[in-house]
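If you want the building blocks of each chain, they are given just below.
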Amino acid sequence: MALMINPKKLLNSKWTALKPQNKEKHFIISEIEFDEEGQVLSCSIEAIMTKRSTLIQWQSLKDPLQWQQGWK
């Protein structure tokens with residue numbers, strides 16, 4: 001079953017990377033930019049340990065092989 005994600009509720013949501021890189025496993029959505037129609041223009045995810053921020057395609061969070069919602 002595909003994970004349903006409401007873009008308007010993404011900000012400050014917590015995520016666990018199932019294939020951590022650079023010991024970065026836990027993340028939080030730190031910034032989202034919307035257009036006039038409410039479509040996501042950009043989405044930044046921040047690693048909790050390193051505070052490194054990266055732009056991602058928010059739809060990739062639906063991939064159960066890459067991401068799990070919440071901190072596990």
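See above for the structure.
Here is what the cut-offs are and how they apply
Residues numbered from 1 in each chain as written. Predicted model: local features only at pLDDT ≥ 70, side-chain atom pairs only at ≥ 80, totals over all residues. Heavy atoms only, no water. Helix = DSSP H or I, 4+ residues; strand = E, 2+ residues; numbered from the N terminus. Rg over C-alpha atoms; globule rule 2.2 N^0.38 Å. Buried < 20%, exposed > 50% of the residue type's maximum accessible area, 1.4 Å probe, protein only. Contact = heavy atoms within 4.5 Å. Lys, Arg positive; Asp, Glu negative; His and termini not counted. Charge placed at Lys NZ, Arg CZ, Asp CG, Glu CD. Polar contact = N/O pair within 3.5 Å; in protein donor to acceptor, adjacent residues only side chain to side chain.

### Here's the deal with the overall build of the protein
A count of helices and strands for the protein gives zero helices and five strands. Along the protein, helices (α) and strands (β) appear in the sequence β-β-β-β-β when read from the amino end. Its C-alpha radius of gyration of 12 Å places the protein within 12% of the 11 Å reference for a compact globule of 72 residues. Overall size of the protein, expressed as C-alpha extent along the three principal axes, is 35 × 30 × 15 Å. Counting the 72 residues in the protein, one finds 29% classified as buried. In the protein, the proportion of contacts linking residues at least 24 apart, taken out of those at least 6 apart, comes to 39%. Measuring between centres, the 10 positive side-chain charges of the protein sit 14 Å from its 8 negative side-chain charges.

### Looking at the side chain of Thr-16
Locating Thr-16 in the fold gives a position in strand 1 (residues 14–21). Here Gly-70 takes part through its backbone oxygen, which lies 2.7 Å from a polar atom of the side chain of Thr-16. Those residues in contact with Thr-16 that lie beyond four places of it in its chain are Lys-25, His-26, Gln-66, Trp-67, Gln-68, Gly-70, Trp-71 and Lys-72.

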